[in-house]
Amino acid sequence: MTMRDPSLKGQITDLSEKLDPLIAPLDHDQLLTLVTEAIREYRRLLQCAEDAHQQWEQAKPALASEHCRLKELERIYLNALKSYQAQMNLVASLTERLGYIPTLDQEGPTDEE
């Protein structure tokens, strides 16, 4: 799924509209902090989804006869993927509001556009 996907763009627009009353009162520094935390959570969820996918893929040949366990690993992966995608939409909405994607280093965001 890319940003060119109209359904994804629509989801981001809908989310932005719903978040607007909550985000509008924030000053730039508060919004930057919120975006930074959202990006960090996005990265964490992406890693979780990738790990779950890898476990599921590796288990397929080994657990071919254990259908229930394989389905459980697939469910874990799909749930991780949904969480990651929801966070991706949140990050897109927040960075759109901020006007740029901050560069994150180990200490925190740099206020570069």
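Novice: Looking at this structure, how should I read the packing of aromatic side chains?
Specialist: Counted according to the given criterion, the structure contains two aromatic pairs. Above the face of the Trp-56 ring, Lys-60 is positioned so that its terminal group lies 4.0 Å from the ring centre.

Novice: Any chance you could explain the pattern of salt bridges here in plain terms?
Specialist: Working definition: two side chains of opposite charge can pair if their charged atoms are close together. Within this structure, the stated rule accounts for six salt bridges. The shortest N-O distance in the salt bridge between Glu-37 and Arg-40 comes to 3.4 Å. Highlighted residues: Glu-37 and Arg-40, both in helix α2 (residues 28-62), separated by three residues, approximately one helical turn. Using a relative accessible area of 32% as the deciding quantity, one classes Arg-40 as partly exposed. The closest approach of N and O atoms between Lys-71 and Glu-74, which form a salt bridge, is 3.0 Å. Of the two residues, Lys-71 and Glu-74 both sit in helix α3 (residues 67-98), three residues apart, roughly one turn of that helix.

Novice: What should I look at first to understand the environment of Tyr-42 in this one?
Specialist: Structurally, Tyr-42 is set in helix α2. Between the alpha carbons of Tyr-42 and Met-88 there is a distance of 6.2 Å; along the sequence they are 46 residues apart.

Novice: Explain the packing of α2 against α3 to me, please; I cannot follow it from the model alone.
Specialist: How two helices pack is summed up by the angle between their axes together with the distance between the axes. As a packed pair, α2 and α3 sit with axes 8 Å apart at the nearest point and diverge in direction by 160 degrees. On the basis of the axis angle, α2 is roughly antiparallel to α3. Between α2 and α3 the crossing geometry is left-handed. Here the contact of α2 with α3 is built from residues that sort into 25 nonpolar, six polar and four charged.

Novice: Where do I start with the environment of Gln-85 in this structure?
Specialist: By secondary structure assignment, the location of Gln-85 is in helix α3. Accessibility expressed as a relative area gives 28% for Gln-85, which makes it partly exposed. Between the C-alpha atom of Gln-85 and that of Ala-49, which follows or precedes it by 36 residues, the distance is 9.7 Å.

Scoring rules and cut-offs
- Residues numbered from 1 in each chain as written.
- Predicted model: local features only at pLDDT ≥ 70, side-chain atom pairs only at ≥ 80, totals over all residues.
- Heavy atoms only, no water.
- Phe/Tyr/Trp six-rings, centres within 6.5 Å; stacked < 30°, edge-to-face > 60°.
- Lys NZ or Arg CZ within 6 Å of the ring centre and 35° of its normal.
- Salt bridge = Lys/Arg side-chain N within 4 Å of Asp/Glu carboxyl O.
- Helix = DSSP H or I, 4+ residues; strand = E, 2+ residues; numbered from the N terminus.
- Buried < 20%, exposed > 50% of the residue type's maximum accessible area, 1.4 Å probe, protein only.
- Axes fitted to C-alpha atoms, helices over the stretch in contact; angles between N-to-C directions.
- Parallel < 35°, antiparallel > 145°, perpendicular 65-115°, else oblique.
- Left-handed = near helix turned anticlockwise from the far one by under 90°.
- Nonpolar A, V, L, I, M, F, W, Y, C, P; charged D, E, K, R; others polar.

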